[in-house]
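One letter stands for each residue in the lines below.
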Amino acid sequence: MPSVPLRKLILSAAIAAVLPLTAQAAPAQPNDFIEVFAKIFGEHKGIRKGHAKGVCAAGNFTASPEATARFDAALFSGSAIPVSYRFSLAGGNPAAPDYARSPRGLAAQFTLADGSKHNIATLTTPVFGAKDPDNFLGLLQASLPGNDGKPDLAKIQAFRAANPDTQPQAQWLAANPPPWSYATAEYFGLHTFYLVDKSGEKVKIRWHLQPKDGVKGLSATELEQQNANFLDDRLKQRLADGAVEFDWIISFGEAADSENDPSVQWPARPTLNAGTLRIDAAGDAGCSNINFDPNVLSRGFSASDDPVLRMRSPAYAISFGKRLSGQ
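Cut-offs applied
Sequence order as written defines the numbering, with residues in each chain counted from 1. Thresholds applied to this predicted model are a pLDDT of at least 70 for local features of residues and 80 or more for the giving and counting of side-chain atom pairs; totals over whole chains, interfaces and linings are not thresholded and use all residues. Values reported for side chains reflect all heavy atoms of the structure, with hydrogen atoms and water molecules removed beforehand. Each helix is a run of H or I in the DSSP string that is no shorter than four residues. Each strand is a run of E no shorter than two, and both are numbered from the N terminus. Radius of gyration here uses only the C-alpha atoms, and the compact-globule reference equals 2.2 Å multiplied by the residue count raised to the power 0.38. Working definition: with a 1.4 Å probe on protein chains only, accessible area under 20% of the residue-type maximum means buried, over 50% means exposed, and in between means partly exposed. Contacts between residues were defined by any pair of non-hydrogen atoms, one from each residue, lying within 4.5 Å. For every accessible area listed, the method is Shrake-Rupley and the probe measures 1.4 Å; residues are considered covered only by the protein chains on display. Charged residues are defined here as Lys and Arg on the positive side and Asp and Glu on the negative side; His and the ends of the chain fall outside this count. To locate a charge, the coordinates of NZ of Lys, CZ of Arg, CG of Asp or CD of Glu are taken. Put simply, a nonpolar core is a bunch of buried Ala, Val, Leu, Ile, Met, Phe, Trp, Tyr and Cys residues held in one set by side-chain atoms that sit within 4.5 Å of each other. Using a 1 Å grid laid over the protein atoms alone, points where a 1.4 Å probe fits but cannot get out form a cavity; open sets with protein on both sides within 12 Å along at least 5 of 7 lines form a pocket; any residue with an atom within 4 Å of a point counts as lining. Grid points are joined across faces, edges and corners, and a volume is the space filled by probe spheres set on the points. Amino acids are sorted into nonpolar (Ala, Val, Leu, Ile, Met, Phe, Trp, Tyr, Cys and Pro), charged (Asp, Glu, Lys and Arg) and polar (every other residue, Gly among them). We define a polar contact as two N or O atoms separated by no more than 3.5 Å, with the added condition that, inside protein, one atom must be a possible hydrogen donor and the other a possible acceptor, whereas residues neighbouring each other in sequence contribute only through side-chain atom pairs. Geometry is summarised by axes, namely lines fitted to C-alpha atoms with helices restricted to the contacting stretch, and by angles between N-to-C directions that run from 0 to 180 degrees. Angular relationships are summarised with four words: roughly parallel below 35 degrees, roughly antiparallel beyond 145, roughly perpendicular across 65 to 115, and oblique for the angles in between. Each crossing is labelled by how the near helix is turned from the far one, with a counterclockwise turn of less than a right angle marking it left-handed and a clockwise turn marking it right-handed.

Peer 1: I would appreciate a short explanation of the overall build of the chain in the present structure.
Peer 2: Within the chain, the regular secondary structure consists of nine helices and 10 strands. In terms of overall dimensions, the chain is globule-like: its C-alpha atoms have a radius of gyration of 21 Å, near the 20 Å expected for 327 residues. If one aligns the C-alpha atoms of the chain with their principal axes, the spans along those axes are about 75 × 50 × 40 Å. Expressed as a percentage of its 327 residues, the buried residues of the chain come to 44%. Within the chain, contacts between residues at least 6 apart in sequence are counted, and of these 76% link residues at least 24 apart. Surface accessibility of the chain: about 15200 Å² in total, with carbon and sulfur atoms responsible for 55%. Computing the positive centroid from 32 side-chain charges and the negative centroid from 32, the chain places the two 4 Å apart.

Peer 1: Sorry, what's going on with the nonpolar core here?
Peer 2: Nonpolar side chains in soluble globular proteins tend to end up buried together. Core analysis: the largest hydrophobic core is formed by 48 residues, its most contacted members being Phe-76, Phe-87, Phe-110 and Trp-248. If sequence neighbours within four positions are ignored, Phe-87 has contacts with Lys-53, Gly-54, Val-55, Ala-57, Gly-105, Leu-106, Tyr-182, Tyr-187, Leu-235, Phe-246 and Ile-279. Within the second largest apolar cluster, 14 residues are counted, among which are Phe-37, Leu-137, Phe-188 and Leu-190.

Peer 1: What is the right way to read the layout of surface pockets from this model?
Peer 2: To find leftover empty space, one rolls a probe the size of a water molecule over the atoms. Its volume calculated, the second largest pocket comes out at about 230 Å³. Surrounding the second largest pocket, 14 residues form its lining, Phe-188, His-208, Ser-251, Gln-265 and Trp-266 being those nearest its centre. Here the lining of the second largest pocket takes three residues from strand E7 (residues 202–211), the largest share from any one element. Of the residues in the lining of the second largest pocket, the class split is seven nonpolar, five polar and two charged.

Peer 1: Where do I start with the side chain of Asn-119 in this structure?
Peer 2: Note on placement: Asn-119 falls in strand E4 (residues 117–123). A relative accessible area of 2% places Asn-119 in the buried class. Within the structure, the side chain of Asn-119 is placed 3.1 Å from the backbone oxygen of Asp-293, a separation counted as a polar contact. In this structure Asn-119 touches Ala-108, Gln-109, Asn-291, Phe-292, Asp-293, Pro-294, Val-296 and Leu-297, once residues within four positions along its chain are discounted.

Peer 1: Is there a simple way to explain the packing of helix H2 (residues 30–41) against helix H4 (residues 133–142) in this structure?
Peer 2: Packed helix pairs are characterised by how far apart their axes lie and by the angle those axes make with each other. Two elements in contact, H2 and H4, have axes whose closest approach is 10 Å; the angle formed by their N-to-C orientations is 20°. When the interaxial angle is binned, H2 and H4 end up roughly parallel. The handedness of the crossing between H2 and H4 is left-handed. Counted together, Asp-32, Phe-33, Val-36, Phe-37 and Ile-40 of H2 and Pro-133, Phe-136, Leu-137, Leu-140 and Gln-141 of H4 form the full contact between these two elements. In the contact of H2 with H4, the residues fall into eight nonpolar, one polar and one charged.

Below is the structure:
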């Protein structure tokens, strides 16, 4: 057995090896994400820094009678509200293959009758990639390509082992095939929000968008074919047969349910169908100059103190500014 001094030396070496994987030298800053995305995906001037590949769509939202009766929210007036949508692939590569085992996104901006806006941003995974900005940045840094242009899988695995909150999203992606179509995916809001009901009570909620076409993923054969660009075409082909619709399903949180950790999925909770999101057309540039910051909320909604949600506003603003200025 090693002597006490030797055991201490071994322990110190082990701690030193793990520390870079478990903590940032300084708290993550918004621009850190812009810079690390450029290192991972390359510089693409004038392109969104995240969810670079995508397609704009247009339609509307109509709240359900149940939502209108229960909540004091402008969005749930019951009138048809115009919406600009954007379907996308996660990451900063505008040429990302549509069969990639990465999240898909659906963002939406609602324009209310008084001109105010309400944004949502979703992923096809029920959890985010990390519990907070520091761990998410650490995961991205562990994923940086080496001299051969490829990430070091052992380094990524080591970071995930040292930071268990970065595992659930990766496990979900490994267990579920990529969507067959943008119209056959379930989209999750990920973060906790609050919604005021007619009695004035602030209710804790999370939500997801459930496709009326049903959930369908790529088959093993389709994955092997590796068609890099099919999602836009499938969406347009589907729209030729009529509108694509999603039910907006709100889940009501309980006291024990996480408010500030998007890497933790809530257990099954009571739900309410808040209304129907309808997509009528896709393929124009209607969403090109929209910043889909999910902290832009209309009357009746408020954001939680989730640090990932809070970080989105400044990071999105930097990306938006760079895109508009051609950087």
